[in-house]
Amino acid sequence: MAEARYRRIGVIGGGAWGTALALAALRAGREALLWAREPAVVESVNGARENRDFLPGVPLPPELRATGDLAEAAACDAILLVTPAQHLRTACAGLAAHLRPGTPVVICAKGIELDSHALMSEAAETALPAGTPLAVLSGPTFAAEVARGLPTAVTLACADAALGARLVEALGSRTFRPYLSDDVVGSQIGGAVKNVLAIACGVVEGRRLGDNARAALITRGLAEITRLALALGGRAETLMGLSGLGDLTLTCSSLQSRNMSLGAALGAGRTLAEVLAERRSVAEGVYTAAAVVGLAGRKGVDMPICGAVDAILNRGAGLDETIDGLLSRPFREEGR
């Protein structure tokens, strides 16, 4: 039974999202061990009962323990991989030396590798031992709300339906509700690309272009996500669910989003370097923008909004000229 099989959950990554997921596992009746790279985070969690660096103000119960020993975390019954997307392959390589055969790994990072254009599942498959069972957790989630036990629904995507059902049983609770899918590709594309689109919506906010413009970006952005997912073998209906429309709507509608708030700062006239210098947490869209554009180019997929964000972040394009370029595109049928 899932109760016995996945009693101990190891969470790899001591940021806000990793801490929140560890708390969600506790609420599901599991034990949770949080691995953090930073000794200060381990000390803060175990001593002050708070992740002061990444999730300040949220009290942590004594049942949640942190460790800096990767082997100890890898000995748990199931692993949640919650590192930044661009460090996921490295984390998997370190984990591989300690992981027991058959231990499931749930990828909770949202992004596309910058250099290889690999999805997170593809990066994990190459770095983890052959045959490691994999799943993906994605959906509309602000870490602070999950940490406080506010109601949240997510997608848990797994090619193995039986494994997916066991993981849903292990992680699900009254306020953290996983919905099972077998579309591993579509679930990842939704979670990755929405971060890029959230930066665009932040620019709209910072430039005070209005709610109409933000709604248009969300809608046309969803069309971009769907085109890329289909080109990679995902399903359109997945993008109408929690890991697509749900995550996109949340991230593009609130300045709680690190990506949207970064875009808002850019729209208000600040430089990317200034914004990043003030932050410890990663805004994944900064790195995913170039990866998405590169992947889309390889697949022949038109993604003008993502291309505009990449141009602003990575190619020195001005905001006003980029916005004007989007507004000057030829009119087209909505379904294209």
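Each value, and the rule that gives it
Residues numbered from 1 in each chain as written. Predicted model: local features only at pLDDT ≥ 70, side-chain atom pairs only at ≥ 80, totals over all residues. Heavy atoms only, no water. Salt bridge = Lys/Arg side-chain N within 4 Å of Asp/Glu carboxyl O. Helix = DSSP H or I, 4+ residues; strand = E, 2+ residues; numbered from the N terminus. Buried < 20%, exposed > 50% of the residue type's maximum accessible area, 1.4 Å probe, protein only. UniProt positions renumbered as here; feature names shortened; annotations may be inferred. Pairing = 2+ DSSP bridges. Arc of directions from axis to C-beta. Polar contact = N/O pair within 3.5 Å; in protein donor to acceptor, adjacent residues only side chain to side chain.

A closer look at the pattern of salt bridges
Within the structure shown, the criterion is met by 18 salt bridges. In this structure, Glu31 engages Arg8 in a salt bridge whose closest nitrogen and oxygen atoms are separated by 3.7 Å. In this pair, Glu31 sits in strand β2 (residues 31-35) while Arg8 sits in strand β1 (residues 8-12), placing the two residues 23 residues apart along the sequence. Classification of Glu31 as partly exposed rests on a relative accessible area of 43%. Taking the shortest distance from any N to any O, the salt bridge between Asp302 and Arg332 comes out at 3.2 Å.

What about the UniProt feature "domain: Glycerol-3-phosphate dehydrogenase NAD-dependent N-terminal" (unreviewed entry) in the chain?
The residues that UniProt annotates with the feature "domain: Glycerol-3-phosphate dehydrogenase NAD-dependent N-terminal" (unreviewed entry) are residues 9-162. The span residues 9-162 carries 33% helix and 19% strand; its end-to-end C-alpha distance comes to 18 Å.

Description of the pairing of strand β8 (residues 176-181)
Regular strands show a simple pattern: their side chains alternate between the two faces of the sheet. In this sheet, β8 lies alongside strand β7 (residues 152-157) in parallel orientation, the contact comprising six bridges. Counterpart to Val154 in the pairing with β8 is Pro178.

So, helix α8 (residues 161-171)
Buried residues of α8: Leu163, Gly164, Leu167, Val168, Ala170 and Leu171, and no others. What you see down the axis of α8 is that its buried residues fit within an arc of 165°, all on one side. Where α8 begins, one side-chain oxygen reaches toward the backbone nitrogen of Ala162, 3.0 Å away; that side chain belongs to Asp160.

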